[in-house]
Amino acid sequence: MATIAIIGGTGLTNMPGLTVHHREMVKTEYGAPSSPLIHGELNGHSVIFLARHGRRHTIPPHMVNYRANLMALKEVGVSHVIALAAVGGISDDCQERTIVIPDQIIDYTHDRAHTFYGAKNDTFRHIDFSEPYCPVIRKRLIEACNTASVNHVSSGVYGATQGPRLETAAEIRRMENDGCTIVGMTGMPEAALAREIDMQYACCGMVVNRAAGKVSTGIDFSQLEGVLKESVELIRVVLEETLKLEFE
Ligand code: HPA
C-alpha cells in the first residue's frame with residue numbers, strides 16, 4: 001500500500017484539515033529535515049506532512065536541506081510524495097488561483113546539494129529523468145481537480161530558480177522562450193533527489209502571482225498574501241479528493 005507524504009511550501013507550514021496523530025523528529029545522515037514529520041489524517045486518509053520551509057517559515061528556498069527532507073521521508077517508509085509549491089504564472093493560462101500540475105522541469109538553480117551521490121568510493125547511477133514527475137500521482141491530482149471543479153492546468157514546465165529574490169522581467173522572458181510556464185524556487189533538486197531514491201513524486205503548484213514583467217504594476221506582495229490563503233483552501237480540497245484515489 002502506498003504511504004503518502006505531502007511537502008508543504010510557502011503558506012503551508014501547517015496542513016489545514018489535518019488531524020495530527022504524532023510528530024516525529026528524524027535525523028538522517030544528511031542532517032535534520034526542515035521540520036518534524038507530522039503523522040496524521042486528512043479526511044480519514046493517512047498522510048505524513050513535512051513543512052519545507054520549517055515550522056515558522058524560516059528556511060529560504062536555497063537553504064532547504066532537500067536531501068535530509070527526502071531521506072527522512074524515505075526512512076519512515078514514504079513511497080509517494082505530493083510536493084506543494086506556490087509559483088508564479090508565466091503562460092497566459094497560469095493566472096492567480098490556478099492549480100498547475102506540471103509535467104516537466106527546467107532547472108536554473110545552482111550551488112545546492114543536488115544529489116545523494118558523491119561521497120568517496122560511493123557507487124552511483126545515472127537516473128532517467130526524461131519524465132521528472134510520477135504519472136500516476138499527476139493523474140490522480142488532475143482527477144481530483146476535475147472532481148472538485150477546481151480551476152487547473154494539467155501540464156506545464158516548472159522553471160526552478162535560485163531565489164530568494166524574485167526574477168527580473170528579462171529572466172522571465174528568457175524562461176518563457178525556454179518553454180517554462182510557471183516559476184518557483186523549490187522544485188529542484190527536490191524532484192531529482194526523490195527519483196534517485198526511488199520515491200514517486202509529483203508537484204501540485206498554486207499560482208499566487210503573475211511572474212515578473214507580466215503585469216505592469218509589478219508584483220504586489222499585499223495582494224499575494226490574500227491569493228495564497230485562497231489557494232491553500234483550493235489545495236486542501238484537491239488533496240482531500242486526491243487521497244480518496246488509488247495510488248498503486
Ligand atoms: N518566482 C519564483 N518563485 C515564486 C514566484 C515567482 O514569481 N511566486 C511564487 N514563488
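The structure this text deals with has already been given above.
Reading the values: the criteria
- Residues numbered from 1 in each chain as written.
- Predicted model: local features only at pLDDT ≥ 70, side-chain atom pairs only at ≥ 80, totals over all residues.
- Heavy atoms only, no water.
- Salt bridge = Lys/Arg side-chain N within 4 Å of Asp/Glu carboxyl O.
- Helix = DSSP H or I, 4+ residues; strand = E, 2+ residues; numbered from the N terminus.
- Buried < 20%, exposed > 50% of the residue type's maximum accessible area, 1.4 Å probe, protein only.
- Contact = heavy atoms within 4.5 Å.

(A) Highlighting the pattern of salt bridges. All chains considered together, the criterion is met by 10 salt bridges. Here Arg97 makes a salt bridge to Glu230, at a shortest N to O gap of 2.5 Å. With Arg97 in the loop between β5 (80-89) and β6 (99-100) and Glu230 in helix α5 (residues 221-243), this pair connects stretches of sequence that are 133 residues apart. Given the relative accessible area of 33%, Arg97 is considered partly exposed. By relative accessible area, Glu230 is classed as partly exposed at 40%. A salt bridge links Glu233 to Arg236, with the shortest nitrogen-to-oxygen separation between them at 2.6 Å. Remark: Arg236 and Glu233 occur in helix α5; sequence separation between them is three residues, near one turn of the helix.

(B) Inspection of the side chain of Glu240 at higher detail. Assignment of secondary structure puts Glu240 in helix α5. For Glu240, a relative accessible area of 16% translates into the label buried. With near-sequence residues (within four places) excluded, Glu240 lies in contact with Leu42 and Asn43.

By themselves, these observations are geometric and do not establish any function.
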